[in-house]
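Chains, contacts and geometry: an overview
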Amino acid sequence: MVERFSLQDTEDLSPPQFFLSEDQISSYKEEGFLIIRNILSPHLMSRLSSGSSDLTATPCLHCAMTYYDTAPLLHSYDNVCQRPELIHQHFHEVLYRSPLAHISSQLMDNRPIRILRTIILSSRARQTIPLRWHADHAIFPGQRKCGDGLVVWMPIGNTSYADANGLVVLKKSHKIHEEMIDNGTWFENQGSVHGQRLNLEFYKSLVKTHEKEEPTLNPGDAILFDRCTVHSASGVNSRNIRRNSWQIRFFADPQQFERDLYKHYPSSPITDEKNANEEGFFSGPHLPQIWPKTIPGEQHAIRQGHLLRTRQEWFLFMLGYPRHLFISNVVRSAESLGFSLQHPLFSVLVRLGEILQIV
């Protein structure tokens, strides 16, 4: 059974501290990532594993809609769930009882931290996740710079190996990504589906010039990488084992709402002005503060379930995004037929859609 929140649970949720060394911080800023071993306690590892098992065994609307409310690339995963902490107590506990927020603050110049999104990504034992080099920069606020947003990636239950769909990152790739932002290339490409494919091709080309980091991560370990660091699943599963992971995306506060952002996904909170306060800075339960302390009003809204949609609300909401639905269904259909996003047929479909102003 899915364990939901106790509405009487009003204790302080401020996460514990964990101090990094100067060498760890310097290494992160230079390489674009940092691996921390045994950062989760056995209790929190157990809670993460049991929570994941619950959501796999008990399908729910909130998780099912993740396929249509996030990147079409995620259709290759067998099981996904965006923001599981909204519906399951165990994920909420791990998020707020681990020191990951304090660690992230130190990697972003000791600024306050807000939660952008979390997501579970799982694959079947004999499934191979395609190699797709990409960066998560576009989904973060403040898109004119790197360094003020990061991703925490951790395995659930099983050890993550590079030859079993494990996470792989390109060292120092965040630096050349920032050059793309500074010279305007990244923004020029982000305005169209064809341009986004050009960015993906550029990320793919970096393998020739940047060294790969292929970590083995045990349950309780975590890798943190910059919003601009290029990464991918390994594209290899010679062990034929299941991949199960949880990603947490944090960003440094304050961040200002920007009206001209290209809107990638329907529920992207950074493109909704309702998530900004009177001064124009992001706030509220859709982007809750977690460090140095939580805000009671934001947590109350989360516990009351105000961020969840009914089936009818989802239906009406998604009708407002026909373009995204079209792209998601094209990708889902193409992958079910064995076509990758690099296949010439997919490129033709994208071009045709742009000519007809469908995408």
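The coordinates are above.
About the criteria used
- Residues numbered from 1 in each chain as written.
- Predicted model: local features only at pLDDT ≥ 70, side-chain atom pairs only at ≥ 80, totals over all residues.
- Heavy atoms only, no water.
- Disulfide = S-S within 2.5 Å.
- Helix = DSSP H or I, 4+ residues; strand = E, 2+ residues; numbered from the N terminus.
- Buried < 20%, exposed > 50% of the residue type's maximum accessible area, 1.4 Å probe, protein only.
- Core = buried A, V, L, I, M, F, W, Y, C linked by side-chain atoms within 4.5 Å.
- Pairing = 2+ DSSP bridges.

In total, this model carries 2 disulfides according to the counting rule given. The residue that forms a disulfide with Cys63 is Cys81, at a sulfur-sulfur distance of 2.0 Å. Judged by the torsion about the S-S bond (-60 degrees), the Cys63/Cys81 disulfide is left-handed. Taken together, the residues span a long stretch of sequence, with Cys63 in helix 3 (residues 61-64) and Cys81 in strand 2 (residues 79-82) at a distance of 18 residues. Note on cysteine connectivity: Cys146 is disulfide-linked to Cys228, with sulfurs 2.0 Å apart. Taking the torsion about the S-S bond as the criterion, the Cys146 to Cys228 disulfide, at about -90 degrees, is left-handed. In this pair, Cys146 sits in the loop between strand 3 (113-122) and strand 4 (149-155) while Cys228 sits in the loop between strand 7 (222-226) and strand 8 (231-233), placing the two residues 82 residues apart along the sequence. With respect to burial, Cys146 and Cys228 carry one shared label: buried. Numbered by order of appearance in the sequence, the disulfide-linked cysteines of the protein pair as 1-2, 3-4.

Leu107, Val152, Met154, Trp246, Phe250 and Ile290 are the most contacted members of the largest nonpolar core, which totals 43 residues. Formed by 17 residues, the second largest nonpolar core is a distinct cluster that contains Ile139, Ile223, Phe282 and Leu287.

This part is about the sheet that holds strand 6 (residues 212-213). Pairing between the strands of a sheet comes from backbone hydrogen bonds, and it takes one of two forms, parallel or antiparallel. Within the open sheet, the 3 strands sit side by side as 6-5-8. Their pairing is antiparallel. A strand with exactly one partner marks an edge of an open sheet, and here the two such strands are strand 6 and strand 8. Where strand 5 (residues 167-170) lies against strand 6, 2 bridges are found, and the strand directions are antiparallel. When the sheet's bridge partners are listed, Leu170 is paired in strand 6 with Lys212.

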